[in-house]
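Coordinate analysis (summary)
This is what each chain is made of:
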Amino acid sequence: MSGLITTPNLANPDALYAELVAMAGDLSAEEALNRAARLILLLANHIGDPAVVSHAIQLAVAADQAD
Amino acid sequence: MATNPILVIGAGPVGLAAALDLAQRGQSVEVLDAGHSVSDGSRAICWAKRTLEIFHRLGLELVPSGITWQRGRVFKGARDLYQFDLQPGGLQQQPAFINLAQADVERALLDQLAGLGVPVRRGHTVVGVAPRDNGVSLEVETADGQLTLDTPWLLACDGARSTIRRCLGLPFKGKVFEDRFLIADVRMAADYPTERWFWFDPPFHPGQSALLHRQPNNIWRIDLQLGWDADPDHERQPAQILPRLHQMLGDRAFELVWASVYTFQCRRIERFAHGRVLFAGDSAHQVSPFGARGANSGIQDIDNLVWKLDRVIRGASPETLLASYDLERIEAADDNIGHSTRSTDFIAPKGPWAQALRGAVLDLAATHAFARPMVNSGRLSQASVYRASPLSSADTGFAAGPKPGMAIPDAPLGDRWLISSLGAGASLVRFGATLPAPDLTGIDVPADSVAWTRFDATPGTAYLVRPDGYVAARSRTPTPDWLATATARAMGASQ
Ligand SMILES: Cc1cc2nc3c(=O)[nH]c(=O)nc-3n(C[C@H](O)[C@H](O)[C@H](O)COP(=O)(O)OP(=O)(O)OC[C@H]3O[C@@H](n4cnc5c(N)ncnc54)[C@H](O)[C@@H]3O)c2cc1C
């Protein structure tokens, strides 16, 4: 597969979650979407490997049908 | 039937180039066009290097009458976001681009055709098409009544609204972009640099995009995005256009020469070759103008098609060679449609998510280099690549340089240029190789030419180049057998 890590890989998941909430927590949906889009682009560029990003996109889309 | 000329329908840039190429190869050809003059209004202005190379081969020197440019600048709001240079390496005979009105290009083609005595019959409207064995019958309306004409080969260059396509019942499928653009030509004395300027969300036209491009004789092309809700009939009125232009140009005096409101589409027919009817240009494929891929790709169609058709008519190649036109130029059309679609989607993002992503790219691009290549204001036309060409031979042993299926780069050869040294047939470009080139144009690259680097050549390397300047095969250790096999394949011999 692509090498995308989907097993727990964060030393402190609660802290990261809180940081992500704080990034856009007090914004409107539209403003938050803009900030989230910037974050995605920064991370995607860091990852570089298009297969890893494509795999993550697939999993993000597939989670729609999760329940 | 054998004595009837080839008929080219449509005296746009594509049909005229086709007729000229055919006539220069000694074929008897005539052009019919429904209209009475060259293109009116303003359509294509940007002519790409590949097109200029093809025009040069056809005897047209347009560079002196056009505006030469190679740099673009992209703005977000009032901020200068970044610049690009389309030809940083230099040392090529033709510039990256010139700007010149489509009507002037058509006039130059007509002059060449007149010199060769090729008839261009205006006021001839094709109204019916009947393919027959080894040819086509046409119904043509003229001021003097209706004619029936027979031709062994019909080139359908009758544009985006092609009658011939409709007569053959061929669907023209694709995507409409739900947006409207005001395209205006203005005359004004201005000293902006000769660059393509594109704005996202400019202060003079908030929330939309704008494009400014220089043409000869103090004419400037301006594109203003209007949004899908704009009423095209209302937006076409000078009373509506002039204030928009004043917003952009400030107190500078200008004269409105021409303007219209467009919606753009990207679409194509499924196949371009239908027996003796061959489609080329906008009749076969249509793109949005961001990237200047319309007329430029149509001229590349002709460059690909005409040498093949000439060989087939002479009996030098089997008729199946024309299947490679279909394959190669459909690949090119899909590439052009892909690029124009992505550019148009970036310029006119639809829905909250596409808008957020586009905004994110523009916000990041100001400070972060990584985001700049994602900013898409049009990816400008280049020579297409034929990745799966049946005319190409297997490629081994090269790390760089043009692969089989790619157009060769130009380079100076002493006092000549490589591309303009190519023959009307296939050529063998030799880098210190001694291989004889029977029936080919042999070109020996001098030791000090930058072509060695551009072709990743080592002493002994040879490239077999098709009549359209595309690589068919290359080898570091070429032998007469290699050359014979590769040439036969490139000329469509059955494998
Ligand atoms: C605003 C705008 C800007 C553009 N900018 C660029 C650019 O910068 N660079 C670029 O490469 N492209 C550009 N294009 C696209 C370019 O104009 C077209 O791709 C180009 O004109 C296609 O050439 P063509 O010869 O295939 O068709 P056309 O130029 O449309 O010619 C078709 C001809 O066929 C004739 N005809 C039609 N039906 C019949 C019939 N039944 N019988 C006889 N004759 C018939 C017509 O009279 C016409 O003369 C632009 C287009 C627009 C609208």
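Each value, and the rule that gives it
- Residues numbered from 1 in each chain as written.
- Chains lettered and ligands numbered in written order.
- Predicted model: local features only at pLDDT ≥ 70, side-chain atom pairs only at ≥ 80, totals over all residues.
- Heavy atoms only, no water.
- Near = heavy atom within 4 Å.
- Polar contact = N/O pair within 3.5 Å; in protein donor to acceptor, adjacent residues only side chain to side chain.
- Areas by Shrake-Rupley, 256 points an atom, 1.4 Å probe, with all protein chains shown as cover.
- Helix = DSSP H or I, 4+ residues; strand = E, 2+ residues; numbered from the N terminus.
- Salt bridge = Lys/Arg side-chain N within 4 Å of Asp/Glu carboxyl O.
- Buried < 20%, exposed > 50% of the residue type's maximum accessible area, 1.4 Å probe, protein only.
- Axes fitted to C-alpha atoms, helices over the stretch in contact; angles between N-to-C directions.
- Parallel < 35°, antiparallel > 145°, perpendicular 65-115°, else oblique.
- Left-handed = near helix turned anticlockwise from the far one by under 90°.
- Contact = heavy atoms within 4.5 Å.
- Nonpolar A, V, L, I, M, F, W, Y, C, P; charged D, E, K, R; others polar.
- Domains from an automatic or database assignment.
- Buried area = accessible area lost by both parts, 1.4 Å probe.
- Core = buried A, V, L, I, M, F, W, Y, C linked by side-chain atoms within 4.5 Å.
- Pairing = 2+ DSSP bridges.
- Expected span 1.5 Å × (residues − 1).

Our focus in this paragraph is the site of the ligand. Residue and element names in this part refer to chain B. Neighbouring the ligand are 30 residues; Asp33, Gln102, Thr163, Asp282 and Asn296 lie closest to it. For the ligand, an oxygen atom lies 3.2 Å from a polar atom in the side chain of Arg43. A distance of 2.9 Å is found between an oxygen atom of the ligand and a backbone nitrogen or oxygen belonging to Ala295. Summarising the interface, the protein chains cover 87% of the accessible area of the ligand, which totals 1000 Å² for the free molecule. Listed by contribution, the elements that provide at least two residues to the shell around the ligand are helix H1 (13-24), strand E9 (125-132) and helix H7 (294-314). Here the shell around the ligand takes three residues from H7, the largest share from any one element.

Residues and elements named next belong to chain B. For the structure on display, the rule yields 30 salt bridges over all chains. Of the charged contacts, one joins Arg57 and Asp21 as a salt bridge, the two residues approaching to 3.0 Å between their closest N and O atoms. Placement of Arg57 in helix H2 (residues 49-57) and of Asp21 in helix H1 is noted, with a sequence separation of 36 residues between them. Judged by its relative accessible area of 30%, Arg57 is partly exposed. Taking the relative accessible area as the measure of exposure, Asp21 reaches 1% and is therefore buried. A salt bridge links Glu235 to Arg244; the nearest nitrogen and oxygen atoms lie 3.0 Å apart. According to the relative accessible area criterion, Glu235 is buried, its value standing at 6%. Linked through salt bridges whose partners overlap, the residues forming this network are Asp21, Arg25, Arg50, Glu53, Arg57 and Asp303.

The subject of this paragraph is the packing of H1(B) against helix H3 (residues 102-115) of chain B. Between two packed helices, what matters for the description is the angle formed by their axes and the separation of those axes. All names here are of chain B. Contact geometry for H1 and H3: axes closest at 10 Å, N-to-C directions at 25°. For the element pair H1 / H3, the angle class is roughly parallel. Relative to H3, H1 is oriented so that their crossing is left-handed. Residues Pro13, Leu16, Ala17, Ala19, Leu20 and Gln24 of H1 touch H3, and the partners they reach there are Gln102, Glu106, Leu109, Leu110, Gln112 and Leu113. Looking at side-chain class alone, the contact of H1 with H3 contains eight nonpolar, three polar and one charged residues.

With that out of the way, let us pick up the domain arrangement of chain B. All names here are of chain B. When cut into domains, chain B gives domain 1 (6-66 + 99-173 + 266-340) and domain 2 (412-490). Placing the centre of domain 1 and that of domain 2 at their C-alpha centroids yields a distance of 30 Å. Contact with domain 1, which involves 11 residues of that partner, is made by nine residues of domain 2. Approximately 780 Å² of surface area, both sides summed, lies buried where domain 1 meets domain 2, with 45% of it carried by carbon and sulfur atoms. At the boundary of domain 1 with domain 2, the tally comes to one salt bridge. Residue Glu328 pairs with Arg466 through a salt bridge whose shortest N-O separation is 2.7 Å. At the boundary of domain 1 and domain 2, one finds four residue pairs in polar contact (both at pLDDT 80 or more). Every element with two or more residues in the side of domain 1 that touches domain 2 is listed here: H2, H7 and helix H8 (321-347). Considering each element in turn, the side of domain 1 that touches domain 2 owes the most residues, five residues, to H7. Grouping the constituent residues of the side of domain 1 that touches domain 2 by class yields two nonpolar, three polar and six charged.

A separate point is the nonpolar core. Residue and element names in this part refer to chain B. Membership of the largest hydrophobic core comes to 83 residues, with the highest contact counts inside it found for Trp47, Phe55, Leu138, Leu154, Leu155, Ile164 and Leu464. When residues of this core are assigned to domains, at least three fall in each of domain 1 (6-66 + 99-173 + 266-340) and domain 2 (412-490). Setting aside residues no more than four positions away along its own chain, Ile164 makes contact with Ile9, Val126, Val129, Leu154, Ala156, Asp158, Val277 and Phe279. Residues Cys46, Phe200, Ala371 and Leu380 belong to the second largest nonpolar core, which totals 36 residues.

Right, let's talk about the sheet that holds strand E6 (residues 79-85) of chain B for a bit. Residue and element names in this part refer to chain B. The sheet built from seven strands is open, its strands ordered E6-E5-E15-E16-E17-E14-E18 with mixed pairing. Taken across any chain shown, the strands that pair with only one partner, and hence form the sheet edges, are E6 and strand E18 (255-262). In this sheet, neighbouring strand axes are inclined to one another by 15° on average, regardless of whether the strands run parallel or antiparallel. Across five bridges, strand E5 (residues 71-76) lies against strand E15 (residues 196-200) in parallel orientation. When the bridges of E15 are listed, Lys76 appears paired with Phe200. Of the strands in this sheet, strand E14 (181-187), E15, strand E16 (209-215) and strand E17 (219-225) are in contact with H8, which crosses E15 at around 50°.

Attention shifts here to the environment of Ile219(B). Residue and element names in this part refer to chain B. When you line up the elements, Ile219 lands in strand E17. Take Ile219: its relative accessible area is 12%, and that puts it in the buried class. Spatially, the C-alpha atom of Ile219 lies 39 Å from that of Leu327, the residues being 108 residues apart in sequence. In contact with Ile219, other than residues within four places in its own chain, are Asp185, Val186, Arg187, His213, Arg214 and Val257.

With that settled, consider the sheet that holds strand E13 (residues 173-176) of chain B. Residue and element names in this part refer to chain B. Strand order across the open sheet formed by three strands is E13-E19-E22, with antiparallel pairing between neighbours. Looking at the sheet topology across the chains shown, the edges are occupied by E13 and strand E22 (285-286). Inspection of the sheet shows strand E19 (residues 265-268) paired to E22 by two bridges, in the antiparallel sense. Its bridge partner lying in E22, Arg268 is registered against His285. Strands E13, E19 and E22 of the sheet are contacted by H8, whose axis makes an angle of about 165° with E19.

A few words now on H1(B). Residues and elements named next belong to chain B. With 12 residues, H1 extends 16 Å from end C-alpha to end C-alpha; this agrees with the ideal 16 Å at 1.5 Å per step. Taking burial as the measure, the 12 residues of H1 include 11 buried ones, the bulk of the element. Three or more residues of H1 are buried, namely Pro13, Val14, Gly15, Leu16, Ala17, Ala18, Ala19, Leu20, Asp21, Leu22 and Ala23.

By a widely used convention, the size of an interface equals the accessible area lost when the partners come together. The interface is formed by 10 residues belonging to chain B together with eight residues belonging to chain A. Across the interface of chain B and chain A, roughly 870 Å² is buried in total on both sides, 84% from carbon and sulfur atoms. It is Trp353(B), Leu364(B) and Phe370(B) in chain B that bury the most area against chain A; as a group they hold 48% of the surface buried on that side. Counting across the interface, chain B meets chain A through one residue pair in polar contact (both at pLDDT 80 or more). Counted by class, the side of chain B that touches chain A contains nine nonpolar, no polar and one charged residues.

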